[in-house]
Amino acid sequence: KHTDLTEGLADPRDLSGLLQMIVDKAWNADIRFDKIMPQQEVRGKDYIHYPVLLEMQTNFNSLGKFISSLERMPQIVSVEKVAITAKNGTSIQGLILITCYLNKKGIHDSVKSSQK
């Protein structure tokens, strides 16, 4: 399932490729990030969990569209926390904590092949 969900990425085992996919989904929802702040990684048995804090100025519709697009990929990204502060008019400031999941086996295979 992980491979099916990440089809089209340059390398679905690479965090930078996964983050680019998230930025593309935000762009499609009319969201531009103010900051993308990676947090401390957590290594599990089969996966590496990369928490990332996303900061943005947007509106409710765009935020909903973006979160919905992330929730369609629970095997590779999960939305952990959302904080919203109302600004003037229809604008909001949003903070979203997501976790990206990368398969350890794929990462080790990728590292081995790049060392050849």
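Below: a short report on this structure. Note that the coordinates shown come from a computational prediction; the quantities given were computed from them, not determined experimentally. (Residues numbered from 1 in each chain as written. Predicted model: local features only at pLDDT ≥ 70, side-chain atom pairs only at ≥ 80, totals over all residues. Heavy atoms only, no water.)

**Digging into the packing of helix H2 (residues 15-28) against helix H3 (residues 60-71)**
At a closest axis distance of 8 Å, the pairing of H2 and H3 adopts a crossing angle of 145°. Considering how the two elements wind past one another, H2 and H3 form a crossing that is right-handed. Residues Ile 22, Lys 25, Ala 26 and Asn 28 of H2 lie in contact with H3, whose contacting residues are Lys 65, Phe 66, Ser 69 and Leu 70. Of the residues in the contact of H2 with H3, the class split is four nonpolar, two polar and two charged. (Axes fitted to C-alpha atoms, helices over the stretch in contact; angles between N-to-C directions. Helix = DSSP H or I, 4+ residues; strand = E, 2+ residues; numbered from the N terminus. Left-handed = near helix turned anticlockwise from the far one by under 90°. Contact = heavy atoms within 4.5 Å. Nonpolar A, V, L, I, M, F, W, Y, C, P; charged D, E, K, R; others polar.)

**Let's talk about H2**
With 14 residues, H2 should reach 20 Å at 1.5 Å per residue; the first-to-last C-alpha distance of 20 Å fits that figure. Within H2 the residues assigned to the buried category are Leu 15, Gly 17, Leu 18, Leu 19, Met 21, Ile 22 and Ala 26. Lining the buried residues of H2 we find strand S1 (32-38), strand S3 (47-59), H3, strand S4 (77-86) and strand S5 (91-103). A positive backbone phi angle near 65° is found at Asp 30, which sits one or two residues after H2. (Expected span 1.5 Å × (residues − 1). Buried < 20%, exposed > 50% of the residue type's maximum accessible area, 1.4 Å probe, protein only.)

**Some points on the side chain of Ser 69**
Of note, Ser 69 is situated in helix H3. Within the local environment of Ser 69, its side chain forms a polar contact with the backbone oxygen of Phe 66, the two atoms lying 2.7 Å apart. (Polar contact = N/O pair within 3.5 Å; in protein donor to acceptor, adjacent residues only side chain to side chain.)

**Comments concerning the pairing of S3**
With six bridges connecting them, S1 and S3 associate as antiparallel partners. From the neighbouring strand, Phe 33 faces S3, where its bridge partner is Met 56. Counting the residues in the hairpin turn of strand S2 (residues 42-43) and S3 gives three residues. Alignment of S3 against S5, held across 13 bridges, turns out to be antiparallel. Bridge pairing links Asn 59 to Ser 91 in S5. (Pairing = 2+ DSSP bridges.)

**Considerations on the nonpolar core**
Core analysis: the largest hydrophobic core is formed by 27 residues, its most contacted members being Ile 22, Leu 54, Phe 66, Ile 96, Ile 98 and Cys 100. When residues of this core are traced back to their parent elements, those giving at least two are H2, S3, H3, S4 and S5. Apart from the residues within four sequence positions on either side, Ile 22 is in contact with Phe 33, Leu 54, Phe 66, Leu 70, Val 77, Ile 98 and Cys 100. (Core = buried A, V, L, I, M, F, W, Y, C linked by side-chain atoms within 4.5 Å.)

**Remarks on the side chain of Thr 99**
Take Thr 99: it is sitting in strand S5. Classification of Thr 99 as buried rests on a relative accessible area of 8%. Polar contacts involving the side chain of Thr 99 include one to the side chain of Glu 80, which spans 3.1 Å. Other than its neighbours up to four places away in sequence, Thr 99 contacts His 49, Tyr 50, Pro 51, Ile 76, Val 77, Ser 78 and Glu 80.

Note that every value here comes from positions in space, so none of it alone points to a role or purpose.
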